[in-house]
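What follows is the residue order along each chain.
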Amino acid sequence: MGFKVDYSEAQEFGTVADGDYEVVVFNAHEDATKGGAEFINFDLIIRNDVNQQYKNSHLFHRVWKSKENGKYNKGMVMALAKAFGLPDGKDYRSFEDFLNDFATRVAKVRVKNEKSEYNGKEYENTNIKKFGTSEYPSLQHRFKDAAESPTSTIDIQDDDL
């Protein structure tokens, strides 16, 4: 058996081009910079179950805590919850549980490559400018391997049984 070239399996490397992409949340968690600025980091993967370029590429979106009050912009966080289909009115035991509920949820994003300057250096940034509901809500994405598959743990208490 030989080897067959199949262009439909080709992947683009480098910067994801400007455009709209269907994504799945790999994970969402709180993090901080070396300087102590806190943020929520959303690690998104361009879905491979939808006909689009850059399949399996990661995109990152950060929601920063306000320096003035030390809190996240609630409107921004709730807009993400809505775009990714978290149930309206659902109560969570903790903020961590809320972030964990984003795993494997889908949405459509608009990507824009932009330049920025920080401390006299210019940077190329791939930014997510818009979030919306997915046109393909049924997730068939295949994660590359078990190490890349998001895991969710279920904490079962005696009272739950």
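Starting afresh in each chain, residues are numbered from 1 along the sequence in its written order. Reporting in this predicted model follows two pLDDT cut-offs: at least 70 for local features of residues, and 80 or more for side-chain atom pairs to be given and counted; totals over whole chains, interfaces and linings ignore these cut-offs and use all residues. The basis for every side-chain value is the complete set of heavy atoms in the structure, and neither hydrogens nor water enter the calculation.

What about the packing of aromatic side chains?
Threshold: Only rings of Phe, Tyr and Trp enter the pairing, Trp through its six-membered ring, and a pair is recorded when the two centres are within 6.5 Å. The plane angle decides the type: under 30 degrees is stacked, over 60 is edge-to-face, the rest tilted. Under the DSSP-based scheme used, a helix requires at least four consecutive residues in state H or I and a strand at least two consecutive residues in state E, with every element numbered from the N terminus. Three exposure classes are used, based on accessible area relative to the maximum for each residue type with a 1.4 Å probe and protein chains only: buried under 20%, partly exposed in between, and exposed over 50%. Only Lys NZ and Arg CZ are tested; either one counts as a charge over a ring when it is within 6 Å of the ring centre and within 35 degrees of the ring normal.
On inspection of all chains with the given rule, the structure shows ten aromatic pairs. Relative to Phe-143, the ring of Phe-26 lies with its centre 6.4 Å away and its plane at 45°, an arrangement referred to as tilted. A residue pair is termed long-range when its members are at least 10 positions apart, and Phe-26 in strand β1 (residues 19–32) and Phe-143 in the segment after β5 (121–132) qualify at 117 residues. When its relative accessible area of 19% is taken as the criterion, Phe-143 is described as buried. Consider the rings of Phe-98 and Phe-102, whose centres lie 5.3 Å apart with planes at 85°: the pair is edge-to-face. Taking the relative accessible area as the measure of exposure, Phe-98 reaches 9% and is therefore buried. The structure contains a cluster of three or more aromatic residues connected by ring pairs, namely Phe-42, Tyr-72, Phe-84, Tyr-92, Phe-95, Phe-98, Phe-102 and Phe-131. For the cation-ring pair, Arg-62 lies above Phe-39, with the distance from its terminal atom to the ring centre recorded as 4.2 Å.

Comments concerning the sheet that holds strand β3 (residues 58–64)
Quick reminder of the rule: Think of it this way: DSSP has to see at least two bridges between two strands before they count as a pair. With axes taken as lines fitted to C-alpha atoms, and helix axes fitted only over the stretch in contact, angles between N-to-C directions fall between 0 and 180 degrees. What makes two residues a contact is simply this: any of their non-hydrogen atoms within 4.5 Å.
Spatial ordering of the open sheet is given by β3-β2-β1-β4-β5, a layout of five strands whose pairing is antiparallel. Unpaired on one side and paired on the other, β3 and β5 mark the two borders of the sheet. Shown here is a sheet whose adjacent strand axes are inclined to one another by a mean of 40°, direction ignored. Of the strand pairs in this sheet, strand β2 (residues 38–46) and β3 are connected by seven bridges, and their pairing is antiparallel. The residue of β3 that forms the bridge with Ile-45 is His-58. Sitting on the sheet, helix α1 (residues 74–83) touches β2, β3, β4 (106–118) and β5, and the angle it makes with β3 is about 145°.

A short note on the pattern of salt bridges
Stated formally: Salt bridge, as used here, is a side-chain nitrogen of Lys or Arg placed within 4 Å of a carboxyl oxygen of Asp or Glu.
For the coordinates displayed, the defined rule picks out twelve salt bridges. A salt bridge links Glu-38 to Lys-65, with the nearest nitrogen and oxygen atoms 3.5 Å apart. A residue pair is termed long-range when its members are at least 10 positions apart, and Glu-38 in strand β2 and Lys-65 in the loop between β3 and α1 qualify at 27 residues. Judged by relative accessible area, Glu-38 falls into the partly exposed class, the value being 39%. Residue Arg-47 is joined to Asp-49 by a salt bridge in which the shortest nitrogen-to-oxygen separation is 2.8 Å. For Arg-47, a relative accessible area of 0% corresponds to the buried category.

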